[in-house]
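Examination of the molecular architecture
Take a look at the letters that make up each chain.
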Amino acid sequence: MSKHTIYKNEKGKQTILDFYELYITKLEVNFERVFVETSFGKTHVLVTGPKDGRPIFIFQGGNCINPMTLSWFLPLLQNYRVFAPDTIGHPGFSDENRISARDESFACWISELMGHFDIEKSAFVGPSYGAGIILRLAAFMQEKIACSVLVSPAGIQLGSKLEMIKKILVPLMLFKLNGSSKQMNKIANIMSDYSMKEIDKEIIGNIFQYVKLEQEMPKLIEKRELVNYTAPTMVISGEKDVFFPEQKIQKTAKEIIPNLTNYYSFDMGHFPSQKHLSQINDKIKEFLHSHYK
């Protein structure tokens, strides 16, 4: 497999990896850091939680770093054995080969990770792009999923392209031209409904500057792909999410996910606020208590 870099230069890569290490330190969690060889490339996995806890895989959001979105689900680390891979081809310590989110590639990648840790079946949690990855697994290897939680999910339905161009793409182009903090603030405020942490804003700004962004969203799941998918599933969406708005996600999710046991929407953007994360984690813990015993 040919080597590919997602970074624009070595300085930029080191800047992103330094932020990764800083975020790990700020989480104050004792992680094991495991490198797994897969047929798609080497994958870095953060592992934590009680060794006898039931397994949960948590996938990162797209075009960000794993500890950032993993931090959203810290309450789950107390009772479950959590495996959080750096998505291959995204910022982090995994190999930089990009793989398709439109076919079975991510399902095969997950299967190989599960095999390494001797896990036959697991619960899955994914925000944004990470949810889209879980839906690829649901389409091709549904037997691997005990239950799943999809937060602000990619892979179900997209928001208005015009709105995304106006509110995200235009400020992003201006930010790339002049590094304007005003434009970065505009993007962060739209993404988070004015609640994004300063460190997250700084990291995302550096990713915009130094990373060749993944522009391919996970394939929108089709009803026929989920015909054999029966695992209990919870979907959480944001009413102000410019990428995957609640009104579109709810309608489609209820039509195509066979065992959609729980659906919740919050008055939030794509990035939840700390207040919303507290509510979201309460809902996830209730869901896992009911469906993952």
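On to the pairing of strand β4 (residues 81-85). Counting buried positions over the five residues of β4 gives five, a clear majority of the element. Every second residue of β4 is oriented toward a common face, with Arg81, Phe83 and Pro85 on one face and Val82 and Ala84 on the other, all of them buried. As paired elements, strand β2 (residues 41-48) and β4 share four bridges and run antiparallel to each other. By the bridge assignment for β4, valine 45 is matched with proline 85. Where strand β3 (residues 55-58) lies against β4, three bridges are found, and the strand directions are parallel. Its bridge partner lying in β4, phenylalanine 57 is registered against phenylalanine 83.

This next bit is on unusual backbone geometry. If you check the backbone angles, glutamate 28 has positive phi at about 55° while not being a glycine. If you trace the backbone, glutamate 28 turns up in the loop between α1 (10-27) and β1 (32-38). On the accessibility criterion, glutamate 28 (73% relative accessible area) is exposed. The phi dihedral of asparagine 63 is positive, around 55°, even though this residue is not glycine. Positionally, asparagine 63 belongs in the loop between β3 and α2 (66-70).

The exposure class of asparagine 63 is buried, given its relative accessible area of 18%. Here glutamate 214 takes part through its backbone nitrogen, which lies 2.9 Å from a polar atom of the side chain of asparagine 63.

This part is about the packing of aromatic side chains. Going through the model one piece at a time under the given rule, you end up with 14 aromatic pairs. Pairing phenylalanine 59 with phenylalanine 124 gives two aromatic rings, centres 6.1 Å apart and planes at 5°, and the pair type is stacked. With a gap of 65 residues between them, phenylalanine 59 in the loop between β3 and α2 and phenylalanine 124 in strand β5 (residues 122-127) connect regions that are remote in the sequence. What makes phenylalanine 124 buried here is its relative accessible area of 1%. Each ring, one from phenylalanine 243 and one from phenylalanine 244, has its centre 6.2 Å from the other, and the planes form 45°; the classification is tilted. With respect to class, phenylalanine 243 is no different from phenylalanine 244; both count as buried. One aromatic cluster in this structure is built from Phe57, Phe59, Phe83, Phe106, Trp109, Phe117, Phe124 and Tyr129. A cation over a ring is seen here: arginine 33 above phenylalanine 93, with NZ or CZ 5.3 Å from the ring centre. The aromatic ring of phenylalanine 35 is capped on one face by lysine 42, whose charged end is 5.8 Å from the ring centroid.

Cut-offs applied
- Residues numbered from 1 in each chain as written.
- Predicted model: local features only at pLDDT ≥ 70, side-chain atom pairs only at ≥ 80, totals over all residues.
- Heavy atoms only, no water.
- Buried < 20%, exposed > 50% of the residue type's maximum accessible area, 1.4 Å probe, protein only.
- Helix = DSSP H or I, 4+ residues; strand = E, 2+ residues; numbered from the N terminus.
- Pairing = 2+ DSSP bridges.
- Polar contact = N/O pair within 3.5 Å; in protein donor to acceptor, adjacent residues only side chain to side chain.
- Phe/Tyr/Trp six-rings, centres within 6.5 Å; stacked < 30°, edge-to-face > 60°.
- Lys NZ or Arg CZ within 6 Å of the ring centre and 35° of its normal.

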